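# Remarks on the overall topology
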Amino acid sequence: MRITMNILTSSFHALAKRLLAAGLSMMFLLLIASAPAVAKGGGEVIRSGKDVRMTFTGPASPDRGVATPGYQMRVTHANPIEVEDTVRIQVDIFGDEALVPGDVTVEFETTPGSGDYQILSTTSCWTDLCAELGDVEGFPIGADYDESTAWRFTFNRIGQFTVRLSVVGVHSHNFYASESLDQTVVAPDASLDLDGPASIDRGVEASGFASTLVNAGSGAIPESVMLQFEIASQQQVVEGTVTIDVETAPDAGVFVAVPLSNCGSNLCGTTGPDTIAALLPGASAVIGMHPKFDVVGSYQIQVRAIGVDSGTEYASASGAVEVVSAPATLIVIAGDGQTALVGEAVPIAPVVRVIDAGGAPVAGANVEFLVGLGGGSVSESSVISDSEGLASAATWTLGTTPGSNTLSIQVPGSYASAVTVDATAMEPAEIALAVATQVDSVTYGDTQEHVVVISNAGSVAAGPVSVSIPVPVGYAAGSAHWTCLAINEAVCPAAGDGGIEADLELPVGSSAIFVFSATVAEDAGDTIDFRAEASCSDDISPQDNLAISSTPVVLSRFGFEAGDSGAGHLAGNAVPLAVLDAGNDLVIDLDSVPFGPVMTVAKGATASGDRFALALVFAGQSRVALLSVSSPGQPASWSQVLLEPSAMQAGIGLVDGGDRPDADRLLVVGEGFELERPFDALQTIQVSGVPH
């Protein structure tokens, strides 16, 4: 507000305030006010200067502590005659409380428009402040005088003030012109709150933290504010173990990292320069924060609101936060997706690792193992995680019903979601192995055959089934070879030389038939011991998976006459059937009732030692017709076929091969099947077997 006074009134008010403070009477004041102005030293009355005028403008509500510009004083003299006295500018500052130098700083612009200000020294005038602009002799106010001066005032406390500028004669002390501005000095009253959880997980960029700057004062925070952070703990806070992301502006939703570096044993950092703009009275600003701590412990977060230009600390706040390693995730390490027999334990006990939100293992967590679908049991239902965060149920036994089994694993009272491991309870497989040797004795140089039948008589598929058949001692080196016939979707290798080391897949009701042949060595011992073994982890009766057949080695034998030891499985039942040549054939029965795993139904030999055998191999409910032929010192060769249930007879004959006048193929024909092998019969074949 601008106040204009005439010279006497202005002088009176100023003097009245001082005299009243000294206790003088109003009558005395009136006498003074009515006295004429006289020259200094009692000289002539100076009446010039009546046309001197002043204007004084500026802000009405400056901020406390801020050098506030915008004050302008203009002095004019609309008279062609110079003021007789030189003048100075007198500055009087009145407050609602007693003032002392330092409460207000006064500056004036040294040259109009230069922007260079000089401090004007103030002194105490009773309870007010006074200052004068101009030297001892003052400055003249000439005809048509018109000059302006810029002022800057800094009020260092809040309250009501009046600033009066007066044009005062140096010698006459006349007040030629005067003008006052009432000032309401305001100031911000800033406070800072730090909100957030008291406990957060290690390694997690935590949400829910915010710094709120509130200005409850009468004046604005006159500059932009940045936030300064300091992270302290009982131990050294290592650089890189703490990060803080803050919003770029209040409610911006965009976060940037605060660069943190060591300041002593703590970490310190400051946000960008314009995080919070100048804050008006009654306004507030909320800055979201996302701190992350990589080390467990107790921390103190200190936040300070610092003026960007002045460096003034407007407010500060601090808060404690406990960083913990809490279970956040369960990871299955081992034991999922297994199979075991019903009522049996899975091979690998389920193991989980408990980690916190930052991926570090959590020790000491209470992990529960709960049996779910399928029933069963665990040996340890509650386990404390170790230093690696690992916990195991020790033993998981599946239920007694075939099918899916589940085990739920959880950490009660934590945010970690439960995990489930699965297993399948299997009915047992029933693997059986049987060995049949085609003769009861052998002599040196004979080719001997063994038939090995491996079957799955259980209710579930078996696999892998490992088969081991080494080459027995007593066979000539390099003479062993074998073939495999897969029955009912069994899977086995087709053929090979030497011993047998193979893995089979045996569906329910399937079989694998191995036919093994080798030549008896000239230096063979008294017996040939043939050994075959199978193994399967799901087998309910592994005791019947090993078979050993011992065949005596003799100096000579008579062939395949009925009842002869060379008749093998025909001994006691076989009779001479025929002398087979190219002009005849014979019919034999194909029995459907097993007589051991292999039943030889016909055998034949020539005088030169060429031999054949036709056998039935019983594999579960299936029958396989196996035709083998061999010559002295030569490996046997085979043909085999799966018989239909209706195939009950077979005819055996010699067939001309077309290239030679003598028969060169042995043919076996029955209902739905045909077998043949090369057989050079230079002589007739003596056949024995089961009569039709």
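Residues numbered from 1 in each chain as written. Predicted model: local features only at pLDDT ≥ 70, side-chain atom pairs only at ≥ 80, totals over all residues. Heavy atoms only, no water.

## Notes on the environment of L580
Worth spelling out the cut-off: By definition, any uninterrupted DSSP run of H or I lasting at least four residues is a helix, any uninterrupted run of E lasting at least two residues is a strand, and each is numbered from the N terminus. Each residue is placed in one exposure class: buried if its accessible area under a 1.4 Å probe, protein chains only, is under 20% of its type's maximum, exposed if it is over 50%, and partly exposed if it falls in between. Should any heavy atoms of two residues lie within 4.5 Å, those residues are counted as being in contact.
One can find L580 in strand β43 (residues 575–580). Judged by its relative accessible area of 0%, L580 is buried. For L580 and V687, which are 107 residues apart along the polypeptide, the C-alpha to C-alpha distance reads 6.8 Å. In this view, L580 contacts D585, L586, I652, G653, L654, L666, T684, I685 and V687; residues no more than four positions away in its chain are not counted.

## Focus: the sheet that holds strand β42 (residues 546–554)
Hydrogen bonds between backbone groups are what pair the strands of a sheet, and the pairing can be parallel or antiparallel. To be explicit about the condition: In short, DSSP must find at least two bridges between two strands for them to pair.
One open sheet accounts for five strands, arranged β34-β42-β41-β36-β39; its pairing is mixed. Each end of this open sheet is capped by a strand with a single partner; those strands are β34 (442–443) and β39 (500–506). Looking at chain direction, strand β36 (residues 462–469) and β39 are connected through six bridges and run antiparallel. Residue pairing across strands places S468 opposite E501, the latter belonging to β39.

## Describing the nonpolar core
What counts, and what does not: Definition used in this section: a nonpolar core is a set of buried Ala, Val, Leu, Ile, Met, Phe, Trp, Tyr and Cys residues joined via side-chain atoms within 4.5 Å.
Counting 36 residues, the largest nonpolar core has V452, I454, V465, L504 and F514 as the members making the most contacts within it. Looking at this core, the elements with two or more residues in it are β33 (431–437), β35 (447–456), β36, β37 (481–487), β39, β40 (511–519), β41 (527–535) and β42. In this view, V452 contacts L433, A434, V435, I469, A512, I513, F514, F530 and A532; residues no more than four positions away in its chain are not counted.

## A look at the state of the cysteines
Stated precisely, the cut-off is as follows: In what follows, a disulfide is any cysteine sulfur pair within 2.5 Å.
Per the counting criterion, the structure on display carries three disulfides. What pairs with C125 in a disulfide is C130, and their sulfur atoms sit 1.9 Å apart. Between C263 and C268 runs a disulfide, and the two sulfur atoms are separated by 1.9 Å. Because the sign of the S-S torsion sets the handedness, a value of about 70° for the bond joining C263 and C268 places this disulfide among the right-handed ones. Given a relative accessible area of 22%, C268 falls into the partly exposed group. With cysteine numbering restricted to those in disulfides and following the sequence, the protein chain has the pairing 1-2, 3-4, 5-6.

## Regarding unusual backbone geometry
Residue G463 is joined to P464 through a cis peptide bond whose omega torsion reads -5°. If you trace the backbone, P464 turns up in strand β36. Non-glycine residue D251 carries a positive phi angle of around 60°. Among the structural elements, D251 can be located in the loop between β16 (242–247) and β17 (255–257). The backbone of N488 shows a phi angle near 55°, a positive value even though the residue is not glycine. Look at N488 and you get partly exposed, because its relative accessible area is 38%.

## Description of the confidence of the model for the protein chain
This is how it is decided: Summary of the metric used: pLDDT quantifies the predictor's per-residue confidence within the range 0 to 100.
Averaged over all residues, the pLDDT of the protein chain equals 84, while 88% of them reach at least 70. Confidence drops under a pLDDT of 50 for residues 1–46, and excluding neighbours within four residues, the segment shows 61 contacts in the predicted structure.

## Section: the pattern of salt bridges
Note the cut-off: Any Lys or Arg side-chain nitrogen located within 4 Å of an Asp or Glu carboxyl oxygen qualifies as a salt bridge.
Counted by the stated rule, this structure contains 13 salt bridges. For E107, the salt bridge identified is with R152, shortest N-O distance 3.0 Å. Separated by 45 residues along the polypeptide, E107 in strand β5 (residues 104–109) and R152 in strand β9 (residues 145–155) bring together distant segments of the chain. Between R304 and E313 there is a salt bridge; the shortest N-O distance is 3.7 Å. If you follow the salt bridges from partner to partner, you end up with D96, E97, D103 and R157 in one network.

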